[in-house]
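Here are the chains, one letter per residue:
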Amino acid sequence: MGRSFDVSVVIPVYGAFSQTEMLKYVLAQWKSQTIKPEIVLSEQTPGNGKWKGIAAAVNANYIHSSPTRSSLTFHYNIGRVRNLGIHLAHGRLIYCTDADVMPLNNDFLEQLCKRYRPYHVYYRPFIYRILKKTIPALLSSKCKALRSGYRGRFCYAAYKHGEISPVPEVRRTWFGWPWVCRMDEYNAEKDRNFSLNSIYQPAVHWGGTFIAKDALAKIGGFSEVYHGWGCEDNDLHFKLASLYQMEPIGKHLKGVSMIHFEHPRYHVKTLYNANAICYSGRLRRGVLHMIQTDIKSFAQVL
């Protein structure tokens, strides 16, 4: 029997992700929460798993799966890697996140648990996007009590001496919920690792989702038709919205936020486009068909 946890944090790691120090820092931030969660690291990479040792160092539950392969290309099933983590989790409540995102507040999970009500889903927390040029200073600081040194909302941030603050050369225009941020002026040559493919970015973590584990099972978890990057979280939220009350974390819990480590895209746009076509097709068939299809694959994932 595993330990009994109120909350499990499920973190998928797959594909070309190679940021060892970042992953260690992210796991340490989750371990420092006031409500101690079970951490589940679900890895999908070729071989026997490169992150098993890091998971063991923080007493995280760990599972490894292999991508499928055709010719010289690996295909990473972004729904399955998440479903494997969900199946492994012991928590009554699940927080689904990503390996490059961590909580700014050490009471992030506590605040979510206080707000939690049955038949509700809490998703899309506000995020600060840390530009790559200041990430090394953050990772080397071992700071577990980050704070914002600036009053008011901002999206792109720099780190210095335990504080995050707006990047001065970036002007921001907000477009209401979900606080899409338009970059009015930014010279990409100043930071070649700036991750924007366009000048519009959401200031929320799109895939961050807090939900009861049994509610995930009722809608078949994440669909396993998507590969590489994109649409798996939109698909999940669309299914959940057919049965549950959806509450945006960033809109209703303004005191809690996440940090996203900005990085170059690991996946080419053609993968996202293929996922978008697949998502459109699923929407045309309707939410009932989506759920029924995914329940079958979710039950067979192990």
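For the structure itself, look to the data block above.
As a starting point, this report considers the structure included with it. Fair warning: this is a prediction, and the values are worked out from it, not measured in the lab.

## Digging into the pattern of salt bridges
Point 1. As enumerated under the stated definition, the model contains 10 salt bridges in all.
Point 2. In this structure, glutamate 21 and lysine 24 form a salt bridge, with 3.7 Å as the shortest nitrogen-oxygen distance. Here glutamate 21 pairs with lysine 24, and both are found in helix H1 (residues 20–31), just 3 residues apart, close to one helical turn.
Point 3. Since its relative accessible area comes to 47%, glutamate 21 is described here as partly exposed.
Point 4. Here lysine 24 falls in the partly exposed class, since its relative accessible area comes to 41%.

## Quick word on the sheet that holds strand S8 (residues 120–123)
Point 1. The strand order across the open sheet formed by 7 strands is S3-S2-S1-S6-S16-S8-S17, and the pairing between neighbours is mixed. Pairing within the sheet leaves two strands with one partner each, and these edge strands are strand S3 (61–65) and strand S17 (245–248). When strand polarity is set aside, the average angle formed by the axes of neighbouring strands in this sheet is 20°.
Point 2. Direction of pairing for S8 relative to strand S16 (residues 209–212): antiparallel, over a ladder of 2 bridges. Following the sheet pairing, tyrosine 123 is matched in S16 by threonine 209.
Point 3. The strands that helix H7 (residues 232–241) touches are S8, S16 and S17; relative to S16, the one it contacts most, it runs at about 40°.

## Some thoughts on the packing of H7 against helix H10 (residues 287–299)
Point 1. Look at H7 against H10: their axes get within 10 Å of each other, and the N-to-C directions meet at 110°. The angle between the axes of H7 and H10 places the two elements in the roughly perpendicular class. Crossing of H7 against H10: the hand is left-handed. For the pair formed by H7 and H10, the contact residues are Asp235, Phe238 and Lys239 on the first element and Val287, Met290, Ile291 and Asp294 on the second.

## Details of the pairing of strand S11 (residues 156–160)
Point 1. Where burial is concerned, most of S11 is hidden: 4 out of the 5 residues are buried.
Point 2. Of the pairings in the sheet, the one linking strand S9 (residues 127–130) to S11 comprises 2 bridges and is parallel in character. Looking across to S11, one finds that arginine 129 is bridged to tyrosine 156.
Point 3. Where S11 lies against strand S12 (residues 163–166), 4 bridges are found, and the strand directions are antiparallel. Along S12, the bridge assignment pairs alanine 157 with proline 166.
Point 4. Two successive antiparallel strands, S11 and S12, enclose a turn made up of 2 residues, where histidine 161 displays a positive phi of approximately 50°.

## Some points on unusual backbone geometry
Point 1. A positive phi angle, near 55°, is found at asparagine 59, a position not held by glycine.
Point 2. Residue position: asparagine 59 is located in the loop between helix H2 (52–57) and S3.
Point 3. The backbone of arginine 124 shows a phi angle near 55°, a positive value even though the residue is not glycine.
Point 4. Within the secondary structure layout, arginine 124 lies in the loop between S8 and S9.
Point 5. Note on arginine 124: relative accessible area 12%, which makes it buried.

## Details of helix H4 (residues 108–115)
Point 1. Buried within H4 we find Phe108, Leu109 and Leu112. What you see down the axis of H4 is that its buried residues fit within an arc of 90°, all on one side.

## Focus on H10
Point 1. Compared with the 18 Å implied by 1.5 Å per residue over 13 residues, the 18 Å span of H10 between its first and last C-alpha is a close match.
Point 2. Those residues of H10 that sit buried are Met290, Ile291, Asp294, Ser297 and Phe298. The buried side chains of H10 occupy one side of the element, clustering within an arc of 135° when seen end-on. Facing away from the buried side of H10 by more than 90 degrees, the exposed set consists of Leu288, Lys296 and Ala299.
Point 3. In this structure, the buried residues of H10 make contact with helix H3 (80–88), helix H6 (213–218), H7 and helix H9 (269–285).

## Observations concerning the side chain of threonine 134
Point 1. Inspection of the secondary structure puts threonine 134 in the loop between S9 and helix H5 (135–141).
Point 2. A distance of 3.4 Å separates a polar atom in the side chain of threonine 134 from the backbone nitrogen of tyrosine 159.
Point 3. Look past the residues within four positions of threonine 134 in its chain and what remains in contact with it is Ala157, Ala158 and Tyr159.

## Comments concerning the pairing of strand S6 (residues 93–96)
Point 1. Residues Leu93 and Tyr95 point to one face of S6 and Ile94 and Cys96 to the other, with burial holding for every one of them.
Point 2. Two strands pair when backbone bridges link them, and strand S1 (residues 7–14) and S6 are joined in this way by 4 bridges, in the parallel orientation. Note on S6: the bridge partner recorded for valine 9 is tyrosine 95.
Point 3. Two strands pair when backbone bridges link them, and S6 and S16 are joined in this way by 4 bridges, in the antiparallel orientation. Paired with tyrosine 95 across the bridge in S16 is phenylalanine 210.

Reading guide: rules and limits
- Residues numbered from 1 in each chain as written.
- Predicted model: local features only at pLDDT ≥ 70, side-chain atom pairs only at ≥ 80, totals over all residues.
- Heavy atoms only, no water.
- Salt bridge = Lys/Arg side-chain N within 4 Å of Asp/Glu carboxyl O.
- Helix = DSSP H or I, 4+ residues; strand = E, 2+ residues; numbered from the N terminus.
- Buried < 20%, exposed > 50% of the residue type's maximum accessible area, 1.4 Å probe, protein only.
- Pairing = 2+ DSSP bridges.
- Axes fitted to C-alpha atoms, helices over the stretch in contact; angles between N-to-C directions.
- Contact = heavy atoms within 4.5 Å.
- Parallel < 35°, antiparallel > 145°, perpendicular 65-115°, else oblique.
- Left-handed = near helix turned anticlockwise from the far one by under 90°.
- Arc of directions from axis to C-beta.
- Expected span 1.5 Å × (residues − 1).
- Polar contact = N/O pair within 3.5 Å; in protein donor to acceptor, adjacent residues only side chain to side chain.

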